[in-house]
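As a plain string of letters, each chain reads:
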Amino acid sequence: MHHIACFGDSLIQGFPFGEQYSWIATVEVIGKIRMLNYGECGACCDDIFERLRNSLLPDYVRYIIFLGGANDILQLRPQNVIIKDLKKVLSWCSERKLNLCIVLPFISADKYLNIRLKDLKESIKKESGRAFLLDVQPAIGMNESDIRKAYLDGVHPTVETYRAIGAYVVPFLKEWLESTREFC
């Protein structure tokens, strides 16, 4: 069984419902992939990287998921600083021969926040190096109406949306695990 250590903010943690309702819990059940939840509400990319860097991961963990950026934007951190933090994550994982998946920022129900989220999403795509990119937006919704229904408070998914995200990403994660198997 593969183990993936998942680092991020509330969207990894499963806020406000808890880890057992997070999308990664759904991945674990449906995909039979062991998902280790290292999500922390309110974390910015630099906080997430520090948590990753300072965690004593079991030796059998060769896969990392990283999800962050929205809190950085909400705290008015410049995009170039966020990208610099992501480059640190890329470098750190590469040095340790860890396979990295970056989850692209979720588009929210706030049109003003979305302007910066969409810019960040494009910058991450350009700067992601060899990381596997995972875009969960199709599971949330692509139009304004679907996006509004998907969120409890505009940025945190409902339980149903967390489940939909988890079910949606299983085949992509399995493909990623299979394609990187020989590198572990």
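Refer to the structure above for everything that follows.
Residues numbered from 1 in each chain as written. Predicted model: local features only at pLDDT ≥ 70, side-chain atom pairs only at ≥ 80, totals over all residues. Heavy atoms only, no water.

1. Some points on the overall build of the protein chain
In step 1: Broken down by element type, the protein chain carries nine helices and five strands.
In step 2: Order of helices (α) and strands (β) in the protein chain, N terminus to C terminus: β-α-α-β-α-β-α-α-β-α-β-α-α-α.
In step 3: Here the C-alpha atoms of the protein chain give a radius of gyration of 15 Å, agreeing with the 16 Å that 2.2 N^0.38 yields for 184 residues.
In step 4: In terms of overall dimensions, the protein chain has a C-alpha envelope of 40 × 35 × 25 Å along the principal axes.
In step 5: A total of 184 residues make up the protein chain; the buried ones form 54% of that total.
In step 6: Relative to all contacts within the protein chain whose residues are 6 or more apart in sequence, the contacts with residues 24 or more apart total 76%.
In step 7: As displayed, the protein chain offers around 9100 Å² of accessible surface, 52% of which is attributable to carbon and sulfur atoms.
In step 8: Distance from the positive charge centre (23 side chains) to the negative charge centre (23 side chains) of the protein chain: 3 Å. (Helix = DSSP H or I, 4+ residues; strand = E, 2+ residues; numbered from the N terminus. Rg over C-alpha atoms; globule rule 2.2 N^0.38 Å. Buried < 20%, exposed > 50% of the residue type's maximum accessible area, 1.4 Å probe, protein only. Contact = heavy atoms within 4.5 Å. Areas by Shrake-Rupley, 256 points an atom, 1.4 Å probe, with all protein chains shown as cover. Lys, Arg positive; Asp, Glu negative; His and termini not counted. Charge placed at Lys NZ, Arg CZ, Asp CG, Glu CD.)

2. Details of helix H5 (residues 79-95)
In step 1: For H5, with 17 residues, the first-to-last C-alpha span of 24 Å sits near the 24 Å given by 1.5 Å per residue.
In step 2: Among the residues of H5, Ile82, Ile83, Asp85, Leu86, Val89, Leu90, Trp92 and Cys93 are the ones counted as buried.
In step 3: Lining the buried residues of H5 we find helix H3 (45-54), strand S3 (63-67), helix H4 (70-74), strand S4 (99-103) and helix H6 (111-127).
In step 4: Directly beyond the C-terminal end of H5, a positive phi value near 55 degrees is found at Lys97. (Expected span 1.5 Å × (residues − 1).)

3. Some remarks on the side chain of Asn37
In step 1: Within the secondary structure layout, Asn37 lies in strand S2 (residues 34-39).
In step 2: A relative accessible area of 17% means that Asn37 is categorised as buried.
In step 3: A distance of 3.1 Å separates a polar atom in the side chain of Asn37 from the backbone oxygen of Ile12. (Polar contact = N/O pair within 3.5 Å; in protein donor to acceptor, adjacent residues only side chain to side chain.)

4. With respect to the packing of aromatic side chains
In step 1: In total, this model carries seven aromatic pairs according to the counting rule given.
In step 2: Between Phe17 and Tyr21 the ring centres are 6.4 Å apart and the planes differ by 70 degrees, which places this aromatic pair in the edge-to-face class.
In step 3: Ring geometry for Phe17 and Tyr162: centres 6.4 Å apart, planes at 90 degrees, overall edge-to-face. In this pair, Phe17 sits in the loop between helix H1 (10-13) and helix H2 (23-31) while Tyr162 sits in helix H9 (residues 159-180), placing the two residues 145 residues apart along the sequence.
In step 4: By way of ring pairs, the aromatic residues Phe17, Tyr21 and Tyr162 are connected into one cluster. (Phe/Tyr/Trp six-rings, centres within 6.5 Å; stacked < 30°, edge-to-face > 60°.)

5. Observations concerning the pairing of strand S1 (residues 3-8)
In step 1: Where burial is concerned, most of S1 is hidden: six out of the six residues are buried.
In step 2: Of the two faces of S1, the one lined by His3, Ala5 and Phe7 and the one lined by Ile4, Cys6 and Gly8 are each fully buried.
In step 3: Pairing analysis gives six bridges linking S1 to S2, with the strands arranged parallel. In the strand pairing of S2, Ile4 is matched with Met35.
In step 4: When S1 meets S3, the two strands line up parallel, connected through five bridges. Each residue of the ladder has a partner; that of Phe7, found in S3, is Phe66. (Pairing = 2+ DSSP bridges.)

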